[in-house]
Amino acid sequence: MAHGSNDRRSPPGVLLGVALGAGGHTAVTHNARVMTSSVPYADVPARPWVSADARRWADVRVPAWARPVGPAVVLLVAVVMAAVMFSPDPMCTVAAPCGADWLDAAGSMLFLPHLVWLFVLPELALVSAPLLLIWMSNPDIWLGGPTEKIADAVVVAALCWGWAAVVARLRARGRQRSLVLDAAGGITVPAPATDDVRPWRRGLVRGIAGAILCAVAGVLITSVVVDDRTDDRLARTAMSENARVVAYNTDDYTVTVRLSDKARHRFDAQGSYRVGSSVPVLMHGDWMRLATEPYGDRTGRQALALVLAGLGVTVLGSGLLSRRRAVALHRAPVPVLRVLTRHDQGRTEIFAADDTATLRPVLSYEPHTRTRTALRQALLYGAPCEGGELILASATESGQWLVEGTASPIWRGSPDGTGKPGVYRPGTARTAAHRRAAEARVQDALAAMTPATGPVRWQAGPVARSVGAALIVVAIMLLGPLFRGSLTWWQLPFWSVGGLYWVSVCLRMMIWRITADSDGLHVRGLWRTAHLPWADVIGAVYTPEGELIARCRTDVDDVPVGSVGFPPLERRLRRPGRAERAAAEITAMVREPGLRPKNDARGT
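Thresholds, definitions, all that
Residues numbered from 1 in each chain as written. Predicted model: local features only at pLDDT ≥ 70, side-chain atom pairs only at ≥ 80, totals over all residues. Heavy atoms only, no water. Helix = DSSP H or I, 4+ residues; strand = E, 2+ residues; numbered from the N terminus. Buried < 20%, exposed > 50% of the residue type's maximum accessible area, 1.4 Å probe, protein only. Contact = heavy atoms within 4.5 Å. Areas by Shrake-Rupley, 256 points an atom, 1.4 Å probe, with all protein chains shown as cover. Pairing = 2+ DSSP bridges. Axes fitted to C-alpha atoms, helices over the stretch in contact; angles between N-to-C directions. Core = buried A, V, L, I, M, F, W, Y, C linked by side-chain atoms within 4.5 Å. Parallel < 35°, antiparallel > 145°, perpendicular 65-115°, else oblique. Nonpolar A, V, L, I, M, F, W, Y, C, P; charged D, E, K, R; others polar. Salt bridge = Lys/Arg side-chain N within 4 Å of Asp/Glu carboxyl O. Expected span 1.5 Å × (residues − 1).

### Here we look at the overall build of the protein chain
Argument step 1. Counting its secondary structure elements, the protein chain contains 13 helices and 21 strands.
Argument step 2. A burial count over the protein chain gives 44% of its 604 residues as buried.
Argument step 3. Here the contacts in the protein chain between residues at least 6 apart in sequence split such that 68% fall between residues at least 24 apart.
Argument step 4. In the structure as shown, the protein chain presents an accessible area of about 30200 Å², 62% of it carried by carbon and sulfur atoms.

### Regarding the environment of Thr-250
Argument step 1. Position of Thr-250 relative to the elements: it lies in the loop between strand E3 (239-249) and strand E4 (254-258).
Argument step 2. Take Thr-250: its relative accessible area is 46%, and that puts it in the partly exposed class.
Argument step 3. With 20 residues separating them along the chain, Thr-250 and Gln-270 place their C-alpha atoms 9.9 Å apart.

### Quick word on the sheet that holds strand E19 (residues 537-542)
Argument step 1. With antiparallel pairing, the three strands of this open sheet are ordered in space as E19-E20-E21. Among the strands making up the open sheet, the edge pair consists of E19 and strand E21 (559-563). Mean inter-strand twist for the sheet, computed between neighbouring axes without regard to direction, equals 10°.
Argument step 2. In this sheet, strand E20 (residues 547-552) lies alongside E19 in antiparallel orientation, the contact comprising five bridges.

### Remarks on the nonpolar core
Argument step 1. Within the largest apolar cluster, 32 residues are counted, with the highest numbers of intra-cluster contacts made by Trp-458, Trp-512, Ile-514, Leu-521, Val-523, Leu-532 and Leu-548.
Argument step 2. Residue assignment for this core shows that the elements contributing at least two residues are strand E16 (513-516), strand E17 (520-524), strand E18 (529-533), E19, E20, E21 and helix H13 (578-591).
Argument step 3. The element contributing the most residues to this core is H13, with seven residues.
Argument step 4. With sequence-adjacent residues up to four places away left out, Ile-514 is seen in contact with Val-456, Arg-457, Trp-458, Leu-521, His-522, Val-523, Leu-548, Val-561 and Ile-586.

### Description of the packing of helix H2 (residues 51-58) against helix H6 (residues 146-183)
Argument step 1. Closest axis-to-axis distance for the H2/H6 pair is 9 Å, and the angle between their directions is 170°. Here H2 is positioned roughly antiparallel relative to H6, judged by the angle of their axes. Here Asp-53, Arg-56 and Trp-57 of H2 lie close against H6, whose contacting residues are Gln-176, Leu-179, Val-180 and Ala-183.
Argument step 2. Split into classes, the residues belonging to the contact of H2 with H6 amount to four nonpolar, one polar and two charged.

### As for the pattern of salt bridges
Working definition: two side chains of opposite charge can pair if their charged atoms are close together.
Argument step 1. For the coordinates displayed, the defined rule picks out nine salt bridges.
Argument step 2. Across the pair Glu-123 and Arg-325 runs a salt bridge, and its minimum N-O distance is 2.6 Å. Separated by 202 residues along the polypeptide, Glu-123 in helix H5 (residues 122-136) and Arg-325 in helix H8 (residues 299-331) bring together distant segments of the chain.
Argument step 3. The salt bridge involving Glu-585 is made with Arg-581; its shortest N-O contact spans 3.4 Å. Taken as a pair, Glu-585 and Arg-581 lie in helix H13 at a separation of four residues, close to a single helical turn.
Argument step 4. Assessed through its relative accessible area of 16%, Glu-585 is described here as buried.

### Digging into the pairing of E18
Argument step 1. Only one face of E18 is buried, namely the one carrying Ala-530 and Leu-532, since none of Thr-529, His-531 and Pro-533 on the opposite face is buried.
Argument step 2. Summarising the sheet, E17 and E18 pair through five bridges and their orientation is antiparallel. Across the sheet, the residue bridging to Leu-521 is Leu-532, located in E18.

### Focus: H6
Argument step 1. The end-to-end C-alpha distance of H6, which contains 38 residues, comes to 56 Å, matching closely the 56 Å that a straight helix rising 1.5 Å per residue would cover.
Argument step 2. Note on H6: the residue one or two positions beyond its end, Gly-185, has a positive phi of about 70°.

### Side note on the pairing of E17
Argument step 1. For E17, a buried count of four out of five residues is recorded, marking the element as mostly surrounded by other parts of the structure.
Argument step 2. Pairing geometry for E16 and E17, over four bridges, is antiparallel. Bridge pairing in E17 places Thr-515 opposite His-522.
Argument step 3. Here E16 folds back onto E17, and the loop between the two strands holds three residues.
Argument step 4. The hairpin formed by E17 and E18 contains four residues between the paired strands.

### Thoughts on the side chain of Glu-580
Argument step 1. Relative to the helices and strands, Glu-580 resides in helix H13.
Argument step 2. When its relative accessible area of 13% is taken as the criterion, Glu-580 is described as buried.
Argument step 3. Those residues in contact with Glu-580 that lie beyond four places of it in its chain are Arg-441, Tyr-542 and Glu-570.

The structure is reproduced here in structure tokens:
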């Protein structure tokens, strides 16, 4: 009776012509990761997730004050002001030597991962915020001047703000889960096993990577501690001699002293030293160090170890949370809903069961298999919320069922439908206006274009080439002095990779070209030219972010040309770019084959 009742609730057109099994077990092959299952998915007693219920789910949002950007920006500015602008270098003495303060360093370095966790791992931020507040309660932190105390107070306020924002976000996720359970009518069923990835493997790579990073951080910390203990043993038998400070460099934090034999020695320094003053130096054979800084300058290794530890905890925590959520889907029965789904632009979009026109995607996620499919019926298992996990069993054109899990957190909305995947609010005015404008340009092209006799080319114009060349010159001017100076071991690869990426983006803007002939499209990229037959092309899109993409049918990957324009500037100047015109005219040729060129573009 439950199955018949659900059939009466289902809106017309939900099956979309998909042949479903009726009552028996689904006979499925292992082709394309489609799994054989004993569950008769067509008979699952599931309610449809109608648009009204889906809209209520999508409308659950955290208030503006609880978005992570606000507390993160305030916290970052306050921390920088308190740590850099108002903190003088300490004065190191034998009575109060400068050394490796692990508690102080760990507390300072925890701010960086905490800022990241505010955005991507609120569960960890829920723990790190109280820990940082405890660290800020140390009286030694409040010994600075009035300005530094104000900055410290702002840090405390930002931590409290961020903690409250995290609580609000997690409560919103709880409301989303409750709405899914209500929409399912309280119906829960065991979730099917997925064939694309086992639950225990979800987050496994991140877990291993995070553990390795934490292990490397542990090795670095151990090396610092071992070196410190070695210095302690040598210092107990070392001879002390007063030396005069002859130079103190605040750029690289080094102090140069002159010994009684007129020899000069330079030491890395953490504290501040006055030229002309005397400092005690400990000597034991070839070993030598300042008595005011017992452990030398281990700041580099200490900072690297703590950064790796923060990164490792972030990656490890992300992997463990993903695994926990995936396993929880199979630990007990979960809500189930009938929905519509499609794979597009490398993401899976989920629509309400009665949204056959795909007007309002409810949520999206990245699947393990990057295939493109048309709209089809599916069963959604789990209580999805932003950042959560789910299982989707979707019907294929052959009547079989594909069971997949998520490879990324769940996001409200989907790719904007114009090319570049991204998070957006479904049905926003910006997205709708962009689609309307793109369709208007296609209609104008259909009305104005005439059949082409020879190949048609769209390529970067003189303005785009000039802007690209200017940006490359600016990059060279900015990076040149850096490479002429002395770069550290991490700065060289960082700026090299960043510079190469920037140059590649500029070159793509300068040299892009698409040629249409009787055979199809020839899309020139940075490294190669892609050839697309007309039978594979379904249009071209120019995204709001300025990316031009040749769209292909479901079983052929799209071909991105790259970021080749500046839509906001083009709209402000009211001058459509060449990429915008290319997208409209290519789409017009796809819709009206008579407009396509009659000859080949030989030698392109």
